[in-house]
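Okay, here's what each chain looks like letter by letter:
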Amino acid sequence: MSLNRIWRFKMHDQVGDLQVGDVAIDTDRGDWGHVEVPGNWTMQGYDRPHYTNVQMPFSNEPPTVPKMNPTGVYSQEVRIPEAWDNRRVILHFGGAESLLYLYVNGEFVGMGKDSRLPSEFDVSSYIKCGETNLIVAIVVKWSDASFVEDQDQWWMGGLHREVYLYSTDSVFIEDVFCGASLENEYRDGVLDMSVGLGFSGHLPEGWQVELQLFSPSGQAVYQQALDSEAIASESRSRYRLCAKFNECLRDVSVWSAEVPNLYTAVLCLKNADGREVEHTSMRIGFKAVEVRDRMLLINGKRVLIHGVNRHDHHETRGKAVDRDTMRQDAVLMKQYNINSVRCSHYPNDPYWLDLCDELGLYVIDEANIESHAFAPWLCHNSSYSLAFHDRGKRMVERDKNHPSIIAWSLGNESGHGAHHDGLAAWIRHYDGSRPIHYESALWDMYGTNDEHAYDKGYAATDLVCPMYPTLELLKAWAFDEQHPDQRRPCILCEYSHSMGNSNGGLSDYYELFKTVPGLQGGFIWEWIDQGLKALNENGVSYWAYGGDYGDEPNDANFVCDGLLWPDRTPHPSIYELKKLAQPVSVSLVEDDPVTLSFRSRFDFIETGWLDASWELLIDGRAVADGAFQLDSIAPGSELNVVWQSPKDTYKGEEAALLIRFVSKETQAWCPAGHEVAKEWISLPKCVLGGQAEAGATSQSRNSGISQICQNGDLVLVKSGKLIVEADAQAGGLVRLTHAGREILSTPPQISLWRAPTDNDGIKLWSGQENKPLKRWQKLGLDQLESRLVDFAYEETIPGEEVELRWGFEASGRQEWQDFYWSYKITIRDQETVDFDFHVEVGNEIEDLPRVGAIFTLNPRLEDLEWLGLGPYENYPDRKSSVWRAVHRSTVDQQYVPYVMPQENGLKCDVDWLTLASDSSLIKVESHLPFMFSALHFHPRDLTNAFHATDLVARPQTLLCLDIAHRGLGTGSCGPDTFAAYRLSESKYDFSFKISIT
Ligand code: GAL
Ligand code: MG
């Protein structure tokens with residue numbers, strides 16, 4: 001009987017304000033408020049969400065908590081059916097944050113802890129069947145338990161998971177533990193099921209437990225009934241009395257994330273008269289998990305872990321994630337080629353595990369234990385030992401039958417102490433079918449940082465599962481041949497911190513995962529930005545983070561570090577993961593005829609369910625397409641295929657194939673036609689029948705200059721419809737007009753600054769002296785002011801070309817003495833102006849965010865096209881998934897609205913771009929590949945904003961043309977941008993040709 005509904009609710013500021021009347025039956029609750037269950041009261045107008053990472057939200061030491069302690073009283077009247085008389089009646093609370101007390105009909109029943117596991121109460125002797133009963137649940141926010149629930153997330157409050165009543169006979173199925181493993185080369189299934197019976201006194205004679213097993217397609221494959229005698233003689237193990245079913249099933253349909261084959265077991269308990277008193281059913285997956293030879297083997301295969309860390313989070317519901325949203329998460333993960341999920345950092349709603357079983361995701365289930373603020377202490381402190389143990393054991397008890405779980409995690413960031421070793425020992429004994437995972441068992445490494453750093457913590461972890469390691473550390477561990485640990489594989493429990501515009505260098509990690517034995521993937525931090533939807537003073541909605549509720553102390557926007565926005569819209573970086581994790585890839589193996597190698601990275605399934613097609617791109621534009629007739633490729637194999645090129649010949653500079661793999665049919669997690677993988681392949685020149693016709697621009701050199709006026713510092717040049725105005729005092733070029741329309745009305749500026757990404761430095765945190773944000777700000781890069789030092793104007797050949805030159809110096813800032821830049825404008829003809837830039841930076845700058853120029857273009861140039869990488873945002877260290885083509889967009893669509901405004905929208909490896917309005921078209925080209933962003937925001941606007949709602953779009957287009965741009969890295973938590981993607985030159989020369997028609 002579901003009790004998910006509106007409950008009466010009253011909130012006290014402290015536990016001491018509770019009154020007897022709060023739980024009494026005769027209290028008039030007419031003036032109480034209402035809240036929805038499941039739900040967080042913090043999302044329903046009571047108390048407030050509070051975000052902290054490591055620090056506790058209050059200053060008390062364990063186990064004491066503040067006197068002010070939000071305390072919610074829930075009440076519900078429930079009519080219990082008459083038919084439940086003389087039966088057991090159980091009240092189930094799926095999760096309460098944090099401490100739960102239960103009163104039924106005014107009487108105290110019991111209490112429970114662990115916000116992320118259920119508490120069940122046997123209320124049989126407290127209720128009256130056939131009558132209305134009063135249930136009162138008191139939920140207290142802070143307790144001794146808060147110190148082991150110090151995860152990096154919002155502190156909420158309330159009954160955030162489902163609540164229901166159920167009833168059984170006095171003899172009942174107490175527990176089922178279903179082992180479903182594999183033998184004979186992972187072909188045959190071994191069923192080892194124990195059904196524990198509950199009863200009081202003696203089990204009456206003649207009772208039976210019956211098991212029926214159905215295959216994934218619904219065929220009955222096994223049936224067995226055990227009577228009390230058989231049960232009694234078998235029972236020696238975990239349960240007081242237990243029916244044991246052991247069976248070997250030949251050629252079983254194995255469970256994996258790729259093919260999540262689920263059998264269904266139906267259990268029936270019959271009394272001595274043969275009456276069925278209870279049924280239950282469960283889904284079973286036959287699979288095997290082993291750790292050996294530095295591999296985690298699933299069904300005998302070294303499965304690469306393409307994982308993410310997932311918190312329970314919903315932008316309006318907080319921790320009370322509804323089932324549709326959970327399904328959406330699982331479906332999205334599958335669609336982005338994610339095969340694994342770590343339940344960071346606590347057992348999720350069991351429905352989540354059902355989805356992982358059903359749709360196929362490998363799960364690390366994690367105990368709700370994080371004592372981060374007191375990490376090295378509580379794990380040794382005997383008064384907390386039961387808390388640690390209980391949390392781990394109860395997780396295993398709740399979740400042991402889910403095939404999707406491949407490892408048990410002892411929790412997160414709690415140091416390594418005796419409690420961990422003890423809990424690990426219990427789990428290993430109880431469920432030997434899964435390895436143990438615990439990152440902090442490696443913590444001794446801090447400070448040592450050598451190649452043996454990961455030879456630690458054997459008692460508490462079977463996996464080497466560090467967080468945020470550098471590539472160097474991973475290689476040092478993997479390539480050390482003297483390494484004593486030849487058993488455990490390394491699977492990163494967290495890496496590639498996705499805060500804001502991030503995930504730079506993901507492909508470098510993947511390069512290691514795909515090639516280095518021992519390194520077997522990892523879990524990106526994290527799935528979703530944990531922003532909460534809130535309204536600002538103007539009634540406009542925005543995503544709130546720490547501090548937005550007046551919550552002090554807080555850790556600002558560090559809670560927004562996911563691959564998805566809080567409303568589950570994907571960040572551009574998720575496509576990078578999708579590409580790197582894609583299960584099929586293509587490479588060119590021969591030029592003539594064009595021969596492609598198709599490689600399957602599936603572990604278990606053939607590729608026959610995919611269709612492959614190609615598009616031929618000439619100079620970035622699609623000119624022909626077709627389908628590949630592929631034979632199905634076996635898991636892990638390759639297939640060479642000659643591409644049947646079209647009969648036509650194509651003229652152009654470059655040819656490429658864009659190859660797509662789509663699902664032929666609708667799957668449980670995608671519609672037919674869903675794109676699973678993509679590859680862009682540059683084709684050899686021989687594919688092209690001829691060269692492109694020479695462009696019009698190179699034909700004429702006649703500038704058509706009709707007028708040049710110079711008046712002191714002012715210069716005006718008129719060439720056809722083009723008018724260039726310059727003012728030596730006002731920073732060089734001041735106006736560019738074409739056919740009477742102003743294109744530029746402010747001078748282009750050199751730009752060496754980008755609006756800091758979260759990885760460059762977290763804007764709301766001070767005192768981060770070593771962070772690039774601080775360093776770059778200290779250098780004054782965010783406010784470059786230039787002083788003209790040199791100015792020249794030259795008419796090279798009268799009437800043909802005019803050259804205007806300016807040199808600038810940064811205005812006398814101390815740190816900046818030897819910084820210099822200059823630019824030269826050449827008016828080439830009636831449409832074209834060349835900009836040549838020269839930048840010299842001083843020695844104190846080892847590394848810059850960007851080098852380029854910024855143009856403020858006048859309004860209406862909205863339509864954007866470019867030949868380069870796209871279609872979405874990409875950066876020098878995050879461009880594996882984008883492809884080279886002519887992409888179209890608008891300036892409006894270029895903005896990527898990270899929760900914390902920051903640098904965004906860059907496009908790399910660009911040959912040219914155009915911006916067009918109804919009447920004008922501007923084309924930018926360069927002889928070197930360049931990068932650009934075109935936004936309605938200046939980098940300064942993005943720097944100064946703290947929420948997307950702080951930004952006011954400018955009517956102009958801010959066009960950043962960069963010759964160099966620092967990679968993104970993941971420095972907000974983890975290594976800074978790798979050296980290869982940093983800018984270390986001291987001189988830069990670059991040119992852009994801008995034509996206007
Ligand atoms: C890890 C931690 C996560 C999260 C992350 C940073 O240290 O396990 O819970 O805090 O860093 O976002
Ligand atoms: Mg933490």
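In this text the structure is predicted, and so the values were computed from the model without any measurement.

J.: Quick rundown of the overall build of the protein chain? Include the residues and the values.
T.: Helix and strand content of the protein chain: 12 helices and 58 strands. Expressed along its principal axes, the backbone C-alpha trace of the protein chain runs to roughly 115 × 70 × 55 Å. In the protein chain, buried positions account for 59% of the 997 residues. Once local pairs closer than 6 in sequence are excluded, the contacts in the protein chain between residues at least 24 apart make up 72%. Surface accessibility of the protein chain: about 37900 Å² in total, with carbon and sulfur atoms responsible for 46%.

J.: How would you explain the coordination of the magnesium ion (ligand 2) if you had to name every residue and give the values?
T.: In the first shell of the magnesium ion (ligand 2), the protein supplies Glu370 (OE), His372 (ND1) and Glu413 (OE), at 2.1 to 2.2 Å from the metal. Counting along the primary sequence, the residues that act as donors to the magnesium ion (ligand 2) give the motif E-x1-H-x40-E. In this pair, His372 is assigned in the loop between strand 26 (362-366) and helix 5 (375-378) and Glu413 in the loop between strand 27 (405-409) and helix 7 (418-430), connecting sequence segments 41 residues apart. Across this residue pair, the class does not change: His372 and Glu413 are buried.

J.: Account for helix 8 (residues 471-479), with residues named and values stated.
T.: One full turn of an α-helix is made of 3.6 residues, so residues set three or four places apart face in the same direction. Listing the buried residues of helix 8 in full gives Leu471, Leu473, Leu474, Trp477 and Ala478. Angular distribution of buried residues about the axis of helix 8 spans 165 degrees; they occupy a single face of the element. Of the exposed residues in helix 8, those oriented more than 90 degrees away from the buried face are Glu472 and Phe479. In this structure, the buried side of helix 8 is in contact with strand 29 (490-495), helix 9 (506-515) and strand 30 (519-524).

J.: Explain the sheet that holds strand 17 (residues 220-227) residue by residue, including any values.
T.: Pairing is antiparallel across the open sheet formed by four strands, whose spatial order is 17-16-19-20. Where the open sheet ends on each side, the last strands, each with one partner, are strand 17 and strand 20 (276-284). For this sheet, the mean angle separating the axes of adjacent strands, direction not counted, is 15 degrees. Where strand 19 (residues 263-270) meets strand 20, eight bridges bridge the pair, whose relative direction is antiparallel. Bridging across to strand 20, Lys270 finds its partner in Glu276.

J.: Tell me about helix 7, and name the residues and values.
T.: With 13 residues, helix 7 should reach 18 Å at 1.5 Å per residue; the first-to-last C-alpha distance of 18 Å fits that figure. By the burial criterion, the buried members of helix 7 are His419, His420, Leu423, Ala424, Ile427 and Tyr430. For helix 7, the buried positions fall inside an angular range of 135 degrees around the axis, keeping them on one side. For helix 7, the exposed residues lying more than 90 degrees away from the buried face are Ala418 and His429. On the buried face of helix 7, the contacting elements are strand 14 (172-183), helix 5, helix 6 (385-399), strand 27 and strand 28 (436-437).

J.: Tell me about the packing of helix 6 against helix 7, and please be specific about residues and values.
T.: Interaxial distance between helix 6 and helix 7 falls to 9 Å at its minimum, and their mutual angle equals 25 degrees. Our classification of the angle between helix 6 and helix 7 gives roughly parallel. For the crossing formed where helix 6 meets helix 7, the hand is right-handed. Across the interface between the two elements, Ser385, Phe388, His389, Gly392, Lys393, Val396 and Glu397 of helix 6 pack against His419, His420, Gly422, Leu423, Trp426, Ile427 and Tyr430 of helix 7. Among the residues forming the contact of helix 6 with helix 7, the class breakdown is six nonpolar, six polar and two charged.

J.: Describe the packing of aromatic side chains, naming the residues involved and giving the relevant values.
T.: One pass over the structure, following the stated rule, counts 43 aromatic pairs. With 5.3 Å between their ring centres and 40 degrees between their planes, Phe558 and Trp765 make a pair best called tilted. Pair noted here: Phe558 is in the loop between strand 32 (541-544) and helix 10 (573-580) and Trp765 is in the loop between strand 47 (749-751) and helix 11 (772-778), with a separation of 207 residues, a long-range link. Judged by its relative accessible area of 23%, Trp765 is partly exposed. For the cation-ring pair, Arg323 lies above Tyr351, with the distance from its terminal atom to the ring centre recorded as 4.2 Å. The ring centre of Trp912 lies 4.9 Å from the NZ or CZ of Lys923, which sits over that ring.

J.: How would you summarise the sheet that holds strand 5 (residues 88-93) if you had to cite specific residues and measurements?
T.: Taken in spatial order, the three strands of this open sheet run 9-5-13, and their pairing is antiparallel. Two strands close off the open sheet at either side, each with one partner strand: strand 9 (119-122) and strand 13 (163-168). The average angle at which neighbouring strand axes cross in this sheet is 25 degrees, direction not considered. Of the strand pairs in this sheet, strand 5 and strand 13 are connected by six bridges, and their pairing is antiparallel. Pairing of His92 across the sheet is with Tyr164, part of strand 13.

J.: Give a detailed account of unusual backbone geometry, specifying residues and quantitative values.
T.: In this structure, the amide linkage connecting Val37 to the following residue, Pro38, adopts the cis form with an omega of 0 degrees. Its location among the elements puts Pro38 in the loop between strand 2 (33-37) and strand 3 (50-52). For the bond running from Pro62 to Pro63, omega is 0 degrees, close enough to zero to count as cis. Within the fold, Pro63 resides in the loop between strand 3 and strand 4 (71-79). Unusually for a residue other than glycine, Asn86 sits at a positive phi of about 65 degrees. Examined against the element boundaries, Asn86 turns out to sit in the loop between strand 4 and strand 5. If you check the backbone angles, Asp909 has positive phi at about 50 degrees while not being a glycine.

Thresholds applied
Residues numbered from 1 in each chain as written. Chains lettered and ligands numbered in written order. Predicted model: local features only at pLDDT ≥ 70, side-chain atom pairs only at ≥ 80, totals over all residues. Heavy atoms only, no water. Helix = DSSP H or I, 4+ residues; strand = E, 2+ residues; numbered from the N terminus. Buried < 20%, exposed > 50% of the residue type's maximum accessible area, 1.4 Å probe, protein only. Contact = heavy atoms within 4.5 Å. Areas by Shrake-Rupley, 256 points an atom, 1.4 Å probe, with all protein chains shown as cover. Donors = N, O, S within 2.8 Å, 3.2 Å for Na, K, Ca; no water. Arc of directions from axis to C-beta. Pairing = 2+ DSSP bridges. Axes fitted to C-alpha atoms, helices over the stretch in contact; angles between N-to-C directions. Expected span 1.5 Å × (residues − 1). Parallel < 35°, antiparallel > 145°, perpendicular 65-115°, else oblique. Left-handed = near helix turned anticlockwise from the far one by under 90°. Nonpolar A, V, L, I, M, F, W, Y, C, P; charged D, E, K, R; others polar. Phe/Tyr/Trp six-rings, centres within 6.5 Å; stacked < 30°, edge-to-face > 60°. Lys NZ or Arg CZ within 6 Å of the ring centre and 35° of its normal.

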